[in-house]
Amino acid sequence: MTRAPVLLKKRTASLLSLAAALAVCGTATPAAADTLREALVSAYNTNPTLQGARAQQRATDEDVPINRARGLPTVDVTANYVEFVKNSPNAFTAPERRAQIGPDLNVPIYSGGGIKNATKAAKERVSAGRADLRGAESAIFSQTVAAYMDVLRTEALAALSANQVEVLRVNLEATSDRFEIGDLTRTDVAQSQSRLAVAEGELQNAVANLISARETYIELVGRPAENLMPPPPLPGLPETVGQATVVAMENNPDLIAAKERAAAAGFETEAAGAGHYPTLGAFAGLDYTDYFGTLAGGAGGVFQSETTANVGVQVTIPIFQGGLVAAQQRQAGARETAAMEQVIATERSVLAQTRSAYSSWQASNAVIESSQTAVEAAELSLEGVRAENSIGNRSILDVLNAEQELLSARAQLVTARRNAYVAGFTLLAAMGRAEARDLNLDTGGPLYDPQVNYNRSMKRFWDFGRDRDAVPNSTRTVDIPAPDGKIGPTLDDSPAN
């Protein structure tokens, strides 16, 4: 009469101990394990979204020399060869053919401030692009942290589901044994069978969620999620929501980028109005002409080749342009207003994100505490219900309900730990403190510095200073095998009893 309850108690205690360990650690941690820092470094070095953002910033850098070039001298060489098929009968000295070649120099002196302001606007947009690049890096890291924690969470939940299935199988075995000796009814067996079938379906869903989480990890990190270690504590979390918002208002990359774009729009408004003003430029030219002995019919005493030179200045005064310049300036002014409004919109968004992330972080920490209490209470409750069931004071349904309550409490604890960590990192990102420089990542070399490319571009004036052919820097994942739903150690690895 007592063999089945004793067997049930011993086997389920072993299984639930394994499940609890997996729920806390997320997975087994053998020597060859990946850490969150390694995942972030891999994303930093190989993620195509981040690599593309860096390339886009290099393209933005070139707007400065492009606009600056409009204010620099230009030199052109023009050559032509002409056959005069039919000349005017009044052109007594007209040649039959002519070849001409010569360089021309043009030096812009004054352009109404258009070039200067356009260059300033380009520099502001470079600064905005750098802030956008910081934001892109922070966003990729936030997604990576979430993916890393999702793998740990889904592994733990799948382990809990797998162990729940095994526990319910043991329950069903013990219930069937007791039914055979007349200690329980067919209803008790049916209840155990129903709970086992539901648990097996939940296990399949848990495995599918685990595979999906591992796929997302591969997408972001560029390699499989293998034996992930528990994450380290997050650095620099604020003590109060007020402290968080102050830091965010000063350091959030999205807000900084919006302000820089508004400043750039102001310079572009000034540049648009430059068309109202005169332009001044200097020019010089040198031409060599050869008539091939055909000038004036080849008459003697006529020079059949000549070299001429000229220098001068040119002033262009706009009088009427059909309202073009005024329309361009109004358009630029409207865009400047839109950029200013975007600053306020971004500020509102950053405030909301920071406060919400802080609230979620605090709430998740509170849920962790309550879930730990719930797990401890559910463990004691299950132990007591089993003991009472062994002497006939509790039904099988009571045992099944107690096991389900413990599973739910452990699942809630696992999820709360994941949510707390992700919310904490999201808070750091909103504060502008979730980048490689803030996390002291060892990326295998110096961190990417957009200033290096900008300085290089500003020093290049030669028209043939092209970079190497474009090639991608990120890694492909087509050769990585599809992840499976393996949940760390198998149930056969549990301690023998």
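This is a predicted model, so every value here is computed, not measured. (Residues numbered from 1 in each chain as written. Predicted model: local features only at pLDDT ≥ 70, side-chain atom pairs only at ≥ 80, totals over all residues. Heavy atoms only, no water.)

1. Observations concerning the overall build of the chain
Next up, step 1: Within the chain one finds 12 helices and four strands.
Next up, step 2: What you see for the chain is a C-alpha radius of gyration of 38 Å, clearly larger than the 23 Å of a compact globule of 497 residues, by over 25%.
Next up, step 3: Burial statistics for the chain: of 497 residues in total, 39% are counted as buried.
Next up, step 4: Considering only intrachain contacts with a sequence separation of at least 6, the fraction spanning at least 24 residues in the chain is 85%.
Next up, step 5: Looking at the chain as shown, the accessible area adds up to about 26600 Å², and 55% of this sits on carbon and sulfur atoms.
Next up, step 6: Charged side chains of the chain number 45 positive and 56 negative; the gap between the two group centres comes to 3 Å. (Helix = DSSP H or I, 4+ residues; strand = E, 2+ residues; numbered from the N terminus. Rg over C-alpha atoms; globule rule 2.2 N^0.38 Å. Buried < 20%, exposed > 50% of the residue type's maximum accessible area, 1.4 Å probe, protein only. Contact = heavy atoms within 4.5 Å. Areas by Shrake-Rupley, 256 points an atom, 1.4 Å probe, with all protein chains shown as cover. Lys, Arg positive; Asp, Glu negative; His and termini not counted. Charge placed at Lys NZ, Arg CZ, Asp CG, Glu CD.)

2. Observations regarding the environment of Tyr291
Next up, step 1: Mapped onto the elements of the fold, Tyr291 is located in the loop between strand S3 (279–290) and strand S4 (305–316).
Next up, step 2: For Tyr291, a relative accessible area of 13% puts it in the buried group.
Next up, step 3: Sequence-wise, Tyr291 and Val82 are 209 residues apart; in three dimensions their C-alpha atoms are separated by 9.5 Å.
Next up, step 4: If we skip the residues at most four places from it in the chain, Tyr291 touches Pro95, Arg97, Arg98, Phe303, Gln304 and Glu306.

3. What to know about a nonpolar patch on the surface
Next up, step 1: A cluster of nonpolar side chains, namely Ile109, Tyr110, Tyr277, Leu280, Val313, Val315, Ile317, Ile319 and Phe320, defines an oily patch on the protein surface of about 1000 Å² accessible area.
Next up, step 2: At the level of secondary structure, the elements contributing two or more residues to the nonpolar patch comprise strand S2 (97–110) and S4.
Next up, step 3: Its place among the elements puts Ile109 in strand S2. (Patch = residues over 30% accessible without salt bridge, like charges linked within 9 Å, V, L, I, M, F, W, Y side chains within 5 Å. Salt bridge = Lys/Arg side-chain N within 4 Å of Asp/Glu carboxyl O.)

4. Description of the environment of Glu155
Next up, step 1: Within the element layout of this structure, Glu155 appears in helix H5 (residues 114–180).
Next up, step 2: Placed 19 residues apart in sequence, Glu155 and Ala136 show a C-alpha to C-alpha distance of 28 Å.
Next up, step 3: Among the polar contacts listed, one links the side chain of Glu155 to the side chain of Arg214, at a separation of 2.9 Å. (Polar contact = N/O pair within 3.5 Å; in protein donor to acceptor, adjacent residues only side chain to side chain.)

5. Section: the side chain of Thr443
Next up, step 1: Position of Thr443 relative to the elements: it lies in the loop between helix H11 (436–439) and helix H12 (450–458).
Next up, step 2: Discounting chain neighbours no more than four positions away, the residues touching Thr443 are Val41, Tyr44 and Asn45.

6. A word on the packing of aromatic side chains
Next up, step 1: Within this structure, the stated rule accounts for five aromatic pairs.
Next up, step 2: Pairing Tyr44 with Phe141 gives two aromatic rings, centres 6.3 Å apart and planes at 40 degrees, and the pair type is tilted. Note that Tyr44 is positioned in helix H2 (residues 36–46) and Phe141 in helix H5, a separation of 97 residues in sequence. With respect to class, Tyr44 is no different from Phe141; both count as buried.
Next up, step 3: Ring geometry for Tyr148 versus Tyr217: centroids 6.3 Å apart, planes at 50 degrees, classification tilted. Taken together, the residues span a long stretch of sequence, with Tyr148 in helix H5 and Tyr217 in helix H6 (residues 186–221) at a distance of 69 residues.
Next up, step 4: Residue classification places Tyr148 among the buried positions, given a relative accessible area of 0%.
Next up, step 5: Looking at Tyr217, the relative accessible area reads 0%, which means it is buried.
Next up, step 6: Over the face of the ring belonging to Tyr44 we find Arg54, whose NZ or CZ atom lies 4.4 Å from the ring centre. (Phe/Tyr/Trp six-rings, centres within 6.5 Å; stacked < 30°, edge-to-face > 60°. Lys NZ or Arg CZ within 6 Å of the ring centre and 35° of its normal.)

7. Structural notes on the packing of H2 against H6
Next up, step 1: Across the interface, H2 lies against H6 with an axial gap of 8 Å and an inter-helix angle of 50 degrees. By the angle class used here, H2 and H6 are oblique. On H6, the residues touching Ala39, Ser42, Ala43 and Thr46 of H2 are Tyr217, Leu220 and Val221.
Next up, step 2: Within the contact of H2 with H6, the residues separate by chemical class into five nonpolar, two polar and no charged. (Axes fitted to C-alpha atoms, helices over the stretch in contact; angles between N-to-C directions. Parallel < 35°, antiparallel > 145°, perpendicular 65-115°, else oblique. Nonpolar A, V, L, I, M, F, W, Y, C, P; charged D, E, K, R; others polar.)

8. A short note on the confidence of the model for the chain
Next up, step 1: Scored by pLDDT, the chain comes out at a mean of 89, with 91% of its residues at no less than 70.
Next up, step 2: Counting contacts from residues 1–31, a segment whose pLDDT is below 50, to residues more than four positions away or on other chains yields 67 contacts.
Next up, step 3: Every residue in residues 489–497 is under pLDDT 50, and counting partners more than four places away or in other chains gives 13 contacts. (pLDDT = per-residue confidence, 0-100.)

9. Regarding the environment of Ala121
Next up, step 1: Among the structural elements, Ala121 can be located in helix H5.
Next up, step 2: Among the residues examined, Ala121 registers a relative accessible area of 2% and is labelled buried.
Next up, step 3: Spatially, the C-alpha atoms of Ala121 and Ala284 are 31 Å apart, while their sequence positions differ by 163 residues.
Next up, step 4: Among residues more than four places away in sequence, those in contact with Ala121 are Ala264, Phe267 and Glu268.

10. Concerning the pairing of S2
Next up, step 1: Of the pairings in the sheet, the one linking strand S1 (residues 74–83) to S2 comprises 10 bridges and is antiparallel in character. Considered in S2, the bridge of Asn80 is made with Gln100. (Pairing = 2+ DSSP bridges.)

11. Here's the deal with H5
Owing to its 3.6 residues per turn, the α-helix brings residues three or four apart onto one side.
Next up, step 1: For H5, with 67 residues, the first-to-last C-alpha span of 96 Å sits near the 99 Å given by 1.5 Å per residue.
Next up, step 2: Burial analysis of H5 places 50 of its 67 residues in the buried class, the great majority of the element.
Next up, step 3: Downstream of H5 by a residue or two, Gly182 has a phi angle that is positive, lying close to 85 degrees. (Expected span 1.5 Å × (residues − 1).)

12. Section: the sheet that holds S4
Next up, step 1: Sheet architecture is open: four strands sit in the order S1-S2-S3-S4, paired in antiparallel fashion. Each having just a single partner strand, S1 and S4 make up the two edges of the open sheet. On average, each strand axis in the sheet is inclined to that of its neighbour by 15 degrees, with strand direction left out of account.
Next up, step 2: Of the strand pairs in this sheet, S2 and S3 are connected by nine bridges, and their pairing is antiparallel. Following the sheet pairing, Val107 is matched in S3 by Ala282.

13. Considering the pattern of salt bridges
Next up, step 1: Across all of its chains, the model carries 20 salt bridges by this definition.
Next up, step 2: The shortest N-O distance in the salt bridge between Glu435 and Arg437 comes to 3.4 Å.
Next up, step 3: In this structure, Arg460 and Asp467 form a salt bridge, with 3.0 Å as the shortest nitrogen-oxygen distance.

14. Quick word on the packing of H5 against helix H8 (residues 253–272)
Next up, step 1: Following both chains from N to C, one finds H5 and H8 inclined at 170 degrees, their axes separated by 8 Å at the closest point. It follows that H5 is roughly antiparallel to H8 by the angle criterion.

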